[in-house]
Amino acid sequence: MSESTETKMPLDNYLAQGGKLTSPENVTPRYRGHIMRMMASFIDSQLAGSAGFADSVNTGPGVKERIAASRITLEKLVHAEQVLMLLGQFGANTERYFSHHPWTARLPRDSDIGNSRHGQDMRLNVFHYPIQGWIDAVVMNVLMGKAVSVQLDENLKISYQPLAEAYREILPRERRHAELGLEGLVKILASGNTRHEVQQSVAYWRPRIAASFGSSSSERFEQLQRLGLRNTPNEQLQAAWEKDVSVSLSELKLD
Amino acid sequence: MARFLSLHVSDVRRETRDAVVVTLTPQVGDEEAFDFIQGQYLTFRRNFDGEELRRSYSICAGRDEGALRVGIKRVDGGCFSTWANEDLKIGETIDAMPPMGSFHTPVDPHIARNYLFFAVGSGITPVLSIVKTLLSAEPNATLTLVYGNRSSNSIMFREELDDLKNVYMGRLSVVHILGSEAQDIDLFSGRIDAEKCRLLFKSWIDISSVDQAFICGPEAMMLTVAQSLRDHGLIDEQIKFELFASSQSGRASRKVVSKTNEGANAICTATITIDGTTQQIDMAKRGETVLDAALAANMDAPYACKAGVCSTCRAMVLEGEVEMEKNHSLEDYEVNRGYVLTCQCYPLSDKVVVSYDQ
């Protein structure tokens, strides 16, 4: 890295052609705003997700389940920290950032906020809803784990290379979280008269997670696409998730 | 949050006519903070005529060399690089943040990988750090460097690269491409462009055997080389980039503060620019932040925490006065330049001009 006058290519051109940015000093103010917002949304979702899942550890029926739930709780914090470190390089105060919000805060179970943001943080709407008991935690984890995997897969091509690389490390662990959830769900279904409760939980989380994909305006999407920050429209991502979920649910005869 | 530590300048060596290599020693107790990974960079800060300037330069030392060194090439009009090339002396101290950057891959001494590097000009600095580290830490690795320069006397680290070739016989090959010098073989003259890549991959470099590629240079060259690599079968994960910070601004001008009288008017006319579009909004002086006023007017202003800690909503006040209630993220030099956190800002003057594009 160095000062350079060897290049005159406008940054927007470079990005539109698939160029990568590698440090906060490369970016334009507009890009800075977008990328920081995307990072904040990821961090807040992971922090809120971890905080919400922590209580589930004690509801796990056996030690294996509790280990799995602890691991998910821990790794989501690790993921948040990884990206928070990158946010810090843009000037965020990382210590205060973590403590500025009560990440355990939740809305009442029966509220419906659609795909709108709520409150003073950038977590995805789905992390505003409370989890109720072990079965609910496992179902939420399966459905959301798959959604996060779809979103992260999309973001591997993001033009801010340090973030793309962080996501590349995070994605396999998130996929594993969804798999752990699926293993848990199989066990729950085999354990007795649980099918109805599982179905109720699926019915609760499925539309809420679907809403978390959002429906960004085409103008905004095109702007982000030009900056190399988006690749696939939200609707297509949601469709990919729906397909994945349908396959899993039908294997478990839950559809 | 940026944390600067003092480094002692223990050596300044002239590398080419317009480039120096600066060796730095951390203060006692800071050694761990400066334990770098090959390919990372340091961000320095220094005051020029009362105004703070920050510049990042890549580390050019190998990881196991036990030294912290950066290469600084002088660019015309570049305040910091000119100072480093002309005035920086042994014995001085300079402030730098701990190393940052992800222009590296994990080192594995047990496997035999083929690496391909493309560097132009001072883009060699992080590449040299990686090359040295890999030669020493991955005994089975082979490395090829394609290195573009204007002329032979502007080649940074030419001797050092020659020495490395000799010490690690048969493991490092360097292809020099010189822009303004005719050479015996046409392939080694001109620019590193798509055609050059095609010819190199045809006759000199077995691209199918390359495990990992690194590119460091200006935008156009990075795009061209990356595309050529993809066209020749490499996937994104196999290509690492480090972009020259060509968009680093020069000195920012100080904010213009118009001294309007503090009347009892409760309304302020805010002129807000985002993404080249300017809108004028009448907003209450109390109870509504500049960010909220912009959002209420359907402007797509950036923000995240709304608590003054993340700095996503940073903007510059070009005219008028505002009061920032909390600031946990902007540094003094940013505030001095006129930056504010719009989520924490209330107008004091009857008119403010704020830009998110600065």
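Residues numbered from 1 in each chain as written. Chains lettered and ligands numbered in written order. Predicted model: local features only at pLDDT ≥ 70, side-chain atom pairs only at ≥ 80, totals over all residues. Heavy atoms only, no water.

## Regarding the sheet that holds strand E14 (residues 314-319) of chain B
Strands in a sheet are paired, the pairing made by backbone hydrogen bonds, and the direction either parallel or antiparallel. Residues and elements named next belong to chain B. Spatially, the five strands line up as an open sheet ordered E13-E12-E18-E14-E16, and their pairing is mixed. The open sheet has two free edges, formed respectively by strand E13 (277-284) and strand E16 (339-341), since each of these has just one partner strand. When the angles between neighbouring strand axes are averaged without regard to direction, this sheet yields 35°. Pairing geometry for E14 and E16, over three bridges, is antiparallel. Paired with Arg314 across the strands is Leu341, a residue of E16. (Pairing = 2+ DSSP bridges. Helix = DSSP H or I, 4+ residues; strand = E, 2+ residues; numbered from the N terminus. Axes fitted to C-alpha atoms, helices over the stretch in contact; angles between N-to-C directions.)

## Examining the domain arrangement of chain B
As assigned here, chain B comprises domain 1 (5-96), domain 2 (114-243) and domain 3 (267-355). For domain 2 of chain B versus domain 3 of chain B, the separation of C-alpha centres amounts to 46 Å. (Domains from an automatic or database assignment.)

## Observations concerning the pattern of salt bridges
Counted according to the given criterion, the structure contains 31 salt bridges over all chains. For the salt bridge of Arg176 of chain A with Glu183 of chain A, the shortest nitrogen-to-oxygen distance reads 3.3 Å. On the basis of relative accessible area, Glu183 of chain A is assigned to the partly exposed category, the value being 43%. Glu160 of chain B is the salt-bridge partner of Lys132 of chain B, the closest N and O atoms lying 2.4 Å from each other. Of this pair, Lys132 of chain B sits in helix H2 (residues 124-137) while Glu160 of chain B sits in helix H3 (residues 158-167), placing them 28 residues apart in sequence. On the accessibility criterion, Lys132 of chain B (9% relative accessible area) is buried. Residues joined in a network through salt bridges with shared partners are Arg13, Glu15, Glu65, Arg69, Lys132 and Glu160 of chain B. (Salt bridge = Lys/Arg side-chain N within 4 Å of Asp/Glu carboxyl O. Buried < 20%, exposed > 50% of the residue type's maximum accessible area, 1.4 Å probe, protein only.)

## Brief notes about the sheet that holds strand E11 (residues 239-243) of chain B
Residue and element names in this part refer to chain B. The five strands are arranged E9-E8-E7-E10-E11 in an open sheet whose pairing can be described as parallel. Whereas interior strands pair on both sides, the edge strands pair on one side only; in this sheet they are strand E9 (172-178) and E11. Strand after strand, the sheet turns through a mean of 10° between neighbouring axes, direction not considered. Direction of pairing for strand E10 (residues 212-217) relative to E11: parallel, over a ladder of five bridges. Bridge pairing in E11 places Ile215 opposite Phe241.

## A short note on the interface of chain A and chain B
Across the boundary between the two partners, chain A contributes 49 residues, which contact 60 residues of chain B. Across the chain A/chain B interface, buried area totals approximately 4,600 Å², and carbon plus sulfur atoms make up 49% of it. For the pair chain A and chain B, the number of links is five salt bridges. As a salt-bridge pair, Arg30 of chain A and Asp300 of chain B come within 3.2 Å of each other at their nearest N and O atoms. There are 14 residue pairs in polar contact (both at pLDDT 80 or more) connecting chain A and chain B. Taken together, the elements giving at least two residues each to the side of chain A that touches chain B come down to helix H1 (11-16), helix H2 (29-54), helix H3 (63-89), helix H4 (94-99), helix H6 (161-190) and helix H8 (218-226) of chain A. Each residue belonging to the side of chain A that touches chain B can be placed in one class, and the counts come to 16 nonpolar, 21 polar and twelve charged. (Contact = heavy atoms within 4.5 Å. Buried area = accessible area lost by both parts, 1.4 Å probe. Polar contact = N/O pair within 3.5 Å; in protein donor to acceptor, adjacent residues only side chain to side chain. Nonpolar A, V, L, I, M, F, W, Y, C, P; charged D, E, K, R; others polar.)

## Points about empty space enclosed by the protein
Across all of its chains, the model carries four cavities of 30 Å³ or more by this definition. In this model, the largest cavity occupies a volume close to 130 Å³. The wall of the largest cavity is formed by 15 residues, among which Gly49, Phe53, Lys76, Phe127 and Met140 of chain A lie closest to the centre. Contributions of two or more residues to the lining of the largest cavity are made by H2 and helix H5 (133-155) of chain A. Tallying contributions element by element places H5 of chain A first for the lining of the largest cavity, with five residues. Estimates place the volume of the second largest cavity at around 90 Å³. Forming the walls of the second largest cavity are 13 residues, and the residues nearest its centre are Pro29 and Gly33 of chain A together with Pro302, Arg314 and Tyr356 of chain B. Residues of the lining of the second largest cavity, tallied by class, amount to five nonpolar, three polar and five charged. (1 Å grid on protein atoms, 1.4 Å probe; cavity = no way out; pocket = protein on both sides within 12 Å on 5 of 7 lines; lining within 4 Å. Points joined across faces, edges and corners; volume = space filled by probe spheres on them.)

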